[in-house]
Amino acid sequence: MSQSIPDRILNHLKSERYHPQRPRKLAKQLALGGEGDYQGFREALKQLMREGRVVSGVGGAIVLPTTRARGDRIVGTYRQNRKGFGFVIPTDPDSHEDLYIAEGQNGGALSGDIVSAKIVHRGHRGGKKTLSGRVMEILERTHRRFVGTLARQGDRWFVKPDGNVLTEIIETPDAASRHVRPGTKVVVELISDPEPYQPARGVITEVLGREGEKDVDLKGVIVQFNLPEKFPDEVADQASRAKDSVDFDLERSRRLDLTEETIVTIDPDDAKDYDDAISLKKVEGGYWELGVHIADVSHFIPEGSPLDVEARKRGNSVYFPGFVIPMIPEVLSNGVCSLQEGVPRLCKSVFITFGDGARPVRTRFANSIIRSAKRLRYREAQALIDGQARIPHPDGEKRRSDYAPEVLQLLKDMDAIARRIQKRRLDDGQLVLELPEIELVLDDQGRVVDAVAEDTSFTHTLIEMFMVEANEAVARLLDKHGVPFLRRIHPGPGEHESLRLREFVNVAGYKLPKVLDRKAIQSLLMSVRGKPESYAINLAILKSLTRAEYSPEEVGHFALASENYCHFTSPIRRYADLTVHRLLARYLEETQQRKGRKRKVDFGQVPDTRSLVELGRHISFTERRAEDAERELRKIKVLTLLQGKVGQEFDGVVTGVTNFGIFVQLREWLIEGLIRYEHLLDDWWDVNENTGQAVGQRTGAVIRIGDVMTVNIAKVDLPRRELDLGVVRMPGKGRPKKNDHPGRKSKNGRGRAAGRSVRSTAKSKRAGGRRR
């Protein structure tokens, strides 16, 4: 198996024979100095530098970073949380502990910078080692482009950056000669870093347009999160060649031909990349055999090719409202790799036979060729399953008679087996949280005009059940053969998180055992279902869970109650799935060659654990980056709408209690705003962040996470992405008295300054919710 360019670079740098060289000489040593190869080498080297896996040393020579220059130092990539604190992720894959950096201890580092940090405290929490420290030196700035609003003060031109990564102005002397008006959104690239008493300086590299114009917010978020945009020419050219390279007649002779089987896809209304399809049939013994057919993307993307290098670099697709940044060119993702209705497509298929209790009793795998009988949408499929006469469809209402009988029967059978699988998984301990979701409705200019509750049709769960079963089946296969692979891992709550959750639910009137397992959490969720405190409990459980990530470690997936789990079902949009497809391809090739002879499957040269740790960290980062960018654009669009609603009232739910204010999520828009204590009654507040409540010393008022209150829009700061709220109605109360409104004084003469908390039993700020 040929090595990818990043792996070739890393292995060469690790060699004892390597002497530090500048990029051009290094490329020649790797036989990549030719005109056709050097561009790919440069891209791979830049990506390795962004990830902190190599650094530019003395004289620009490329070297490996020294992870521990001394026992108390760590070199790694700084990742900042939205709440101010951050972590240094070591560049050495053998170092599994991230270094916690408290707010104010980052030494001016920005998220993504390569830094040297000092360990100042070592401890244990929940049976795991913990490290905390501070950034001592910024070794490399990786984030040098910022989006902001151009401003002018006399003859001085500067940009006010958006967001919270860089909060000080950037001087832009070149703006005077560019004929750009103040108030324009621009992209500025730093030419000098900020110094004490001296702002950063930069040059304007792109003019995005006026705030509020179509796609200006989208372009800004793409730059802000350093997201990839246009594919390099060699990648686009390879994709164009790949789409025309399939000989379906030849592939039909090599693969399991399923083109006559009834197979359907079920996706969102606006989906274009259909990467999974389903079949289901009765087999011997009265059992059901589920077929999960996944687009064979690995067939079109050879490992180490420009397409592969770019897909690995991107890590995943990014989905914005009305816009997608794909992981692979759309000529593949929306074309020959998409399982479109009525056309032959190459797949990797997993067949799972379910016995009593809907438990898998047999599993088989195949390279296949399918032809989807019907492209269905979630609401459409649900209406058909429910027996409705009128079926919703984007092209206009349909009738049941418009659908083939075999498709209708397939949907009925799929619904039945999915419900049995769901019951089994719940019995095994799978956690299902009930938290509201909305879909934003945009006009032609990309502005938010409405929000509607997210579709909760069971067909979403149906597809999820089938995908989880397929992911588990592949993970079990690879685990059985002892081959290292990228797992999707999700550790259970640590000791500290469990303690905080117990304290919180105890205040709400519920109990949790000292040993917190899935059954205890399930029981708690059942006991609060349909009750006013349900939202608060679900939210607290979510915050107690760590974030799922990619790693070769055999940890399991806590929330799914799965011992072996990986991502296999979305290779169009996730690189992790593509790596698993390649392992499955080697397994299928080997088993076909041995033709029933019993011998150990030879997977060939596979990535070692160290390489998988590095890759897992990278694609876990790109996944978080995509989620953060998607969340940021949604927030910008909603805040833009709320700018015109200052003073209007909304119902909200308390989602966080911190030592600086109360976070409230507006129910209609699912966006958080802050009520500062100086604007919250005339009182001194005792704050306990562990139990999620604030108690007024004078009034005795209590505010808890999950409480419902009425608020109004006080202020919208779009560049800082901040929403300030005022109190209209306290939880369980009427409207505040006149002297309780923000800005008014009470009889004791204290103004809003008296609203600061006098005691805080938790030092850290409120942790943001984590998606699994």
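Higher on the page you've got the structure.
Every chain is numbered on its own, with residues counted from 1 as its sequence reads. Only residues with pLDDT of at least 70 are given local features in this predicted model, and only at 80 or more are side-chain atom pairs given and counted; all residues enter the totals for whole chains, interfaces and linings. To obtain the side-chain values, all non-hydrogen atoms of the structure were included, while hydrogens and water were left out.

Asks: Please give an account of the overall build of the chain that cites residues and values.
Replies: Strands here are runs of E lasting at least two residues and helices are runs of H or I lasting at least four, both read from the DSSP assignment and numbered beginning at the N terminus. When its secondary structure is counted, the chain shows 16 helices and 36 strands. When the 772 residues of the chain are sorted by exposure, 52% land in the buried category. In what follows, a contact means two residues having at least one pair of non-hydrogen atoms within 4.5 Å. The long-range share in the chain, meaning contacts at least 24 apart out of those at least 6 apart in sequence, stands at 66%. When the accessible surface of the chain is totalled, it reaches about 35,300 Å², and 47% of it is carbon and sulfur. Only protein chains enter the accessibility calculation, which uses a 1.4 Å probe. A residue is then buried if its area is under 20% of the maximum for its type, exposed if over 50%, and partly exposed in between. Only the protein chains shown count as cover for residues, and all accessible areas are computed by the Shrake-Rupley method using a 1.4 Å probe.

Asks: If you had to explain the sheet that holds strand 10 (residues 170–171) to someone new, which residues and values would you point to?
Replies: Being paired, for any two strands, means DSSP has found at least two bridges between them. Strand order around the closed barrel formed by five strands is 8-9-10-12-11, with mixed pairing between neighbours. Relative to strand 12 (residues 200–210), strand 10 runs parallel, the two being bridged by two bridges. Residue pairing for strand 12: Ile-170 is matched across the bridge by Ala-200. Only C-alpha atoms enter the line fits that serve as axes; for helices the fit covers just the stretch in contact. Angles between N-to-C directions range over 0 to 180 degrees. Sheet strands touched by helix 4 (residues 216–224): strand 8 (145–153), strand 11 (184–192) and strand 12. Its angle to strand 12, the strand with the most contacts, is close to 150°.

Asks: For a nonpolar patch on the surface, give the residues involved together with the corresponding values.
Replies: The patches described consist of residues with a relative accessible area above 30% and no salt bridge, like charges being joined within 9 Å and nonpolar side chains (Val, Leu, Ile, Met, Phe, Trp, Tyr) within 5 Å. By definition here, a salt bridge exists when the distance from a side-chain nitrogen of Lys or Arg to a carboxyl oxygen of Asp or Glu is within 4 Å. A cluster of nonpolar side chains, namely Val-441, Val-449 and Val-452, defines an oily patch on the protein surface of about 200 Å² accessible area. By secondary structure assignment, the location of Val-449 is in strand 25 (residues 448–453).

Asks: Lay out the packing of helix 7 (residues 306–314) against helix 15 (residues 575–594) in plain terms, naming residues and giving numbers.
Replies: In contact at an axis separation of 9 Å, helix 7 and helix 15 are set at 135° when each is read in the N-to-C sense. As the angle between them shows, helix 7 and helix 15 are arranged oblique. Contact residues: Asp-308, Ala-311 and Arg-312 in helix 7; Tyr-575, Leu-578 and Arg-582 in helix 15. Residue composition of the contact of helix 7 with helix 15, by class: three nonpolar, no polar and three charged. Relative orientations are named as follows: roughly parallel for angles under 35 degrees, roughly antiparallel for angles over 145 degrees, roughly perpendicular for angles from 65 to 115 degrees, and oblique for any other angle. Under the convention adopted here, Pro, Cys and the residues Ala, Val, Leu, Ile, Met, Phe, Trp and Tyr are nonpolar, Asp, Glu, Lys and Arg are charged, and Gly plus all remaining residues are polar.

Asks: Explain the pattern of salt bridges residue by residue, including any values.
Replies: Close approach of charged atoms allows side chains with opposite charge to pair. Going through the model one piece at a time under the given rule, you end up with 40 salt bridges. For Asp-455, the salt bridge identified is with Arg-379, shortest N-O distance 4.0 Å. With Asp-455 in the loop between strand 25 and helix 11 (458–480) and Arg-379 in helix 9 (residues 378–385), this pair connects stretches of sequence that are 76 residues apart. Residue Glu-472 is joined to Arg-425 by a salt bridge in which the shortest nitrogen-to-oxygen separation is 3.0 Å. With a gap of 47 residues between them, Glu-472 in helix 11 and Arg-425 in helix 10 (residues 405–428) connect regions that are remote in the sequence. By the burial criterion, Glu-472 is buried, and Arg-425 matches it. Ionic contacts of the salt-bridge type, sharing partners, join the residues Arg-359, Arg-424, Arg-425, Asp-428, Glu-469 and Glu-472 into one network.

Asks: Summarise the nonpolar core; cite the residues concerned and give the values.
Replies: Grouping buried Ala, Val, Leu, Ile, Met, Phe, Trp, Tyr and Cys residues that are joined through side-chain atoms within 4.5 Å yields what is termed a nonpolar core. Of all hydrophobic cores here, the largest spans 70 residues; its most connected members are Phe-320, Leu-642, Ile-662, Leu-666, Trp-669 and Trp-685. The dominant element in this core, judged by the number of residues it contributes, is helix 16 (residues 609–642), at eight residues. Among all residues touching Leu-642, those that are not within four sequence positions of it are Phe-650, Leu-666, Trp-669, Ile-671, Ile-713, Val-716 and Leu-723. By size, the runner-up hydrophobic cluster in this structure holds 50 residues, among which are Tyr-378, Ile-463, Phe-466 and Leu-588.

Asks: So what about a positive patch on the surface? Which residues, and what values?
Replies: His is not counted, nor are the chain ends; Lys and Arg add positive charge and Asp and Glu add negative charge. Where a charge lies is defined by one atom per residue type, namely NZ (Lys), CZ (Arg), CG (Asp) and CD (Glu). Together, Arg-24, Lys-25, Lys-28 and Arg-42 make up a positively charged patch on the protein surface. Top element by residues in the positive patch is helix 2 (residues 23–29). It accounts for three residues. Within the element layout of this structure, Lys-25 appears in helix 2. On the basis of relative accessible area, Lys-25 is assigned to the exposed category, the value being 53%.

Asks: Lay out the environment of Pro-493 with the relevant residues and their values.
Replies: Locating Pro-493 in the fold gives a position in the loop between strand 26 (487–489) and helix 12 (495–507). Relative accessible area serves as the criterion here: at 16%, Pro-493 is assigned to the buried category. In sequence terms Pro-493 and Leu-516 are 23 residues apart; their C-alpha atoms lie 7.9 Å from each other. Apart from residues lying up to four places away in sequence, Pro-493 is in contact with Ser-498, Leu-516, Ser-544, Leu-545 and Phe-558.

Asks: Summarise a negative patch on the surface; cite the residues concerned and give the values.
Replies: Residues Asp-269, Asp-270, Glu-437, Glu-439 and Glu-454 make up a contiguous surface patch of negative charge. Its location among the elements puts Glu-437 in the loop between helix 10 and strand 24 (438–442). Residue class for Glu-437 comes out partly exposed when judged on its relative accessible area of 45%.

Asks: Give a description of the pairing of strand 12 that names residues and reports values.
Replies: Taken together, the eight bridges between strand 11 and strand 12 define a ladder with antiparallel strand orientation. What sits directly across from Ser-192, in strand 12, is Arg-201.

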